[in-house]
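Structural overview
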Amino acid sequence: MSLDLSPPILSATEDARRQIEICNACRYCEGFCSVFPAMTRQKAFADGDLTQLANLCHNCRGCYYACQYTAPHEFALNIPAALAEVRVESWERLARPQTIARLFQTHGVAMAGLLVVVLALFFWALSALRPEAGAGFYAYLTHNTLVAIFAPAFVLPLALIALSVRDYWREVGGGRVRLAHVLSAFDSAARMKNLSGGHGEGCNFEKGDRFSDRRRVYHQLMMYGFLLCFASTASATLLHYGLAFEAPYSLISVPKLLGVPGGLMMVVGSAGLGWLKLRADRSLGAARVWGGEMAFVLLLGAVALTGLTLYAATGSTLVKPLLAIHLSTVMVLFLLMPFSKMVHGFYRLAALIAEAGKPAPAGERA
Amino acid sequence: MKDWPETFDIAVVGGGNAALCAAITAAEAGASVLILEGAPNSYRGGNSRHTRNFRCMHKGPMFPLTDAYEEEEYLHDLMLVTKGKTDEGLARLAIRSSEECLPWMQAHGVRFQPSLSGTLSLSRTNAFFLGGGKALVNAYYNTAEDLGVKVAYEALVSHVHREGNRITYLEVEIAGRPVTVKARAFVLASGGFQADIDWLARAWGPSARNFLIRGTPYNRGVVLRDMIDQGAEQVGDPTQCHAVAIDGRAPKYDGGIVTRLDCVPFSIVLNTKGERFYNEGEDVWPKRYAIWGRLVAAQPDQVGFALIDAKSIDLFMPSVFPPVKADTIEELAEKMGLDPQAVRQTVDGFNAACRPGKFHPTELDGLATEGLDVPKTNWARPLDTPPFYGYQLRPGVTFTYLGLKVDAQAQVHGAEGPIRNLWAAGEIMAGSILGQGYLAGFGMTIGTVFGRIAGKEAAAHVA
Ligand SMILES: Cc1cc2nc3c(=O)[nH]c(=O)nc-3n(C[C@H](O)[C@H](O)[C@H](O)COP(=O)(O)OP(=O)(O)OC[C@H]3O[C@@H](n4cnc5c(N)ncnc54)[C@H](O)[C@@H]3O)c2cc1C
Ligand code: SF4
Ligand code: SF4
């Protein structure tokens, strides 16, 4: 009765199952994050259970450095990588259309390529569709043209994501959604509770087995910066339609008060996350999507940076090229939402909500 | 090694909990310290990397511990498991000092978590390390490094050179190259000898070759043997080791915590002849798991087979390897390499001896068999609900009892009195306190308490 543990060719899900079963007999990492308490609910793990655990994992790597069974031990545990692989596969599997998904998740180059194409289109549009009159950047593209281009580019990807998240919910056996579950999930996400390492000192991302809060800080800068920018755009839309108050706005206006700090936060967040990514051990994540993830981080930074520069260049001759570049980055970001790391926010929230709705993890056994 | 001084103030042998506590304490007192860890970096931390908690006295709730656990109760628990075979003075010292260990550990990077699911019964007595022993070991290595402690990995100490009542240098092989390490004081924290199977076989008999070693392959007792050969005072029964019944499919070394099996109280356990040999329901599992290592070790081929039916499979912590599963008892026996007829007969006999009554998995329910030579006195329910499951059990050695005798200053003695600049901490001297038996979490308490004492005394010696 010997058990062959030499790495047979296991699929990502099979390997995650093998590893999670070892953890479930150990449980030493219970206090790090919500993955470990969640796994104590069962002894056998269906594919959907693993998808859910994978999407609860924040790749903080605490459970890698704390594990007595990492290679060269024959159990060869690497939970952060195993779950990252299952997670990325789940996003690829649930995304539609499939082929595009695979292309953009893994290849930063593909993202750059798309950027160039969109950029060329915008340059063309700026010249060809230039209006007779208009202030600020509306001198180059009318508000209506902008809306006509961006509304579908924003709404369609969101609709695709909604479909994918619905499939996710089915796959992991999510129950009825209650407000309390949603609130608890938002609370976790807002504080990045699961990146605190369970002791509030952060995770093991860029400093090996030492704890660091940098990743949490940069991620929050990025997330809140992004939300501020989003709020800025939303407020501008309101001003435009509601109060017929059109851009360009001065520095002491709602859109700018939200957008400028938001943009700055995103730039710092992006630079920080990119830097951390360079320093962290790639073999503890989904190595094959490293390029795609890095490109996504840089794209977010580019959106913010070009936006800020565009604002700074108001009135100069640089507005036209800067506008083209900025609009292109925004466009690419929108278009790629369903196929880039951007989806992690949606799945993560779904996973947290689903977790909040499940029965409390196993208690005492004999 | 280029940046090493000619002579260190203190050389610490070993790289587990006791060694690290000694090194950190000594470095904080201003000494220059070298840690010689026999294992490579990836396996550093000895058996300490497999631990999950330490037993801690406390007068009131103190995170992560609930309620209170005071000196007398702690000592009483210890006396119970060791059947009085303990040095009460040293035991009280360890128990009393354990309380201040918790904040000390936190101040040096160790983080705690509430008692793990499945171990609620320990939430009052044992403080659980967040991430387990490897996380503790990592925290200590980082703290030591920040204090300027030097660490050599793959540094196997082969000889501790004694001249009269002093130690002068160590013979070490570092990454395969012989090196002489000079220091003014020495702390031995290199664990027990359980990974030396030949030694185990000499002490226990040839059947020890079939034992599995739950922890590190690096604790081979080389330094312990060397010191005993040089007349250091020893303590503890050399023929004894702490062994529990673990999954027979576990690796030979380093299988750690996950290979434990908690199924015995809900099983019948057979030997290779298909016969039961001991009361599986004698007491609650935490009080019995430590005897099953010996029970299985006494059976032919040092192997046992636990059989369970579908009624009980979810009543214990999950196992690391899935159980063997079959729809009939005969098929299960076949799959486990047992004689189906013999097993059938044993199961039939057992089932017929079961009596109706209320089954209660978490307490002594008195549900006992009647008329069997080997009774089962609790949780005796017939094996009648397919599918049936089976686990192979083997003895897994946790640690050995033989060690160096130390005094309350953790100092090692020769026949003529203390060896002036030599201290010992952890498993290598645990026999001074634990004559037999074991109290969960006490190994780390001994290592932390005596590691800190050894570090302090050694630093005072060189100051
Ligand atoms: C699976 C398992 C679980 C356990 N769980 C717990 C628990 O939860 N709580 C608890 O209190 N106890 C537990 N124990 C017992 C506990 O591990 C020991 O009591 C404790 O770790 C001993 O600490 P130590 O520092 O003395 O030895 P170790 O941590 O074993 O350290 C010995 C060190 O010496 C090194 N070494 C050995 N020989 C040489 C040499 N010749 N030269 C140089 N270096 C050498 C080794 O590489 C190692 O680093 C457990 C044991 C096992 C096996
Ligand atoms: S990662 Fe390792 S230490 Fe953590 S629960 Fe899993 S097996 Fe245990
Ligand atoms: S990497 Fe972090 S978040 Fe993911 S399972 Fe491990 S401890 Fe949890």
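Quantities reported herein were computed from a predicted structural model and do not represent experimental measurements. (Residues numbered from 1 in each chain as written. Chains lettered and ligands numbered in written order. Predicted model: local features only at pLDDT ≥ 70, side-chain atom pairs only at ≥ 80, totals over all residues. Heavy atoms only, no water.)

1. What about the overall build of chain B?
Each helix and strand counted, chain B has ten helices and 19 strands in total. Scaling as 2.2 N^0.38, a compact globule of 463 residues should have a C-alpha radius of gyration of about 23 Å, and chain B matches this with 23 Å. When the backbone C-alpha atoms are referred to their principal axes, chain B occupies close to 75 × 45 × 40 Å. The buried share of chain B, taken over its 463 residues, is 63%. Relative to all contacts within chain B whose residues are 6 or more apart in sequence, the contacts with residues 24 or more apart total 72%. Summing over all exposed atoms, chain B offers an accessible surface of approximately 16,500 Å²; the carbon and sulfur share of this is 51%. (Helix = DSSP H or I, 4+ residues; strand = E, 2+ residues; numbered from the N terminus. Rg over C-alpha atoms; globule rule 2.2 N^0.38 Å. Buried < 20%, exposed > 50% of the residue type's maximum accessible area, 1.4 Å probe, protein only. Contact = heavy atoms within 4.5 Å. Areas by Shrake-Rupley, 256 points an atom, 1.4 Å probe, with all protein chains shown as cover.)

2. Describing the site of ligand 3
Within the structure, ligand 3 sits among A:Phe32, A:Cys33, A:Val35, A:Phe36, A:Cys57, A:His58, A:Asn59, A:Cys60, A:Arg61, A:Cys63, A:Ile79 and A:Pro80. In terms of residue class, the shell around ligand 3 is built from nine nonpolar, two polar and one charged. (Near = heavy atom within 4 Å. Nonpolar A, V, L, I, M, F, W, Y, C, P; charged D, E, K, R; others polar.)

3. Quick notes on the UniProt feature "transmembrane region" (unreviewed entry) in chain A
All names here are of chain A. Following the UniProt record, one finds the feature "transmembrane region" (unreviewed entry) at residues 103-126, 146-169, 221-245, 257-278, 290-312 and 318-339. Within residues 146-169, the helical portion is 100% and the strand portion 0%, while the C-alpha atoms at the span's ends are 34 Å from each other. Regarding residues 221-245, the helix share stands at 88% and the strand share at 0%, and the terminal C-alpha atoms are separated by 30 Å. (UniProt positions renumbered as here; feature names shortened; annotations may be inferred.)

4. Observations regarding the site of ligand 1
All names here are of chain B. Near ligand 1 you find 39 residues, and of these Glu37, Ser48, Asn219, Glu427 and Met444 are the closest. Between ligand 1 and Arg52, the relevant distance is 2.9 Å, taken from an oxygen atom to a main-chain nitrogen or oxygen of the residue. Contacts to ligand 1 include Val157, whose backbone N or O atom sits 2.9 Å from a nitrogen atom. For the shell around ligand 1, the secondary structure elements donating two or more residues are helix H1 (17-28), strand E7 (155-163) and helix H10 (442-462). (Polar contact = N/O pair within 3.5 Å; in protein donor to acceptor, adjacent residues only side chain to side chain.)

5. With respect to the domain arrangement of chain A
Where interface size is quoted, it is often the accessible area lost as the parts come together. All names here are of chain A. Partitioning chain A into domains gives domain 1 (12-90) and domain 2 (94-356). One C-alpha centre belongs to domain 1, the other to domain 2, and the line joining them spans 29 Å. At the junction of the two partners, domain 1 supplies 29 residues and domain 2 supplies 30 residues. Between domain 1 and domain 2, the buried area comes to about 2,600 Å², and carbon and sulfur atoms account for 51% of it. Of all residues in domain 1, the largest losses of buried area upon contact with domain 2 belong to His58, Arg61 and Tyr65, amounting jointly to 27% of the total for that side. Remark: the boundary between domain 1 and domain 2 carries two salt bridges. One salt bridge connects Glu85 with Arg288, and the closest N-O pair in it is separated by 2.9 Å. Linking domain 1 with domain 2 are 14 residue pairs in polar contact (both at pLDDT 80 or more), by the criterion used here. Looking at the side of domain 1 that touches domain 2, the elements that each hand over two or more residues are helix H3 (47-56), helix H4 (62-65) and helix H5 (79-94). (Domains from an automatic or database assignment. Buried area = accessible area lost by both parts, 1.4 Å probe. Salt bridge = Lys/Arg side-chain N within 4 Å of Asp/Glu carboxyl O.)

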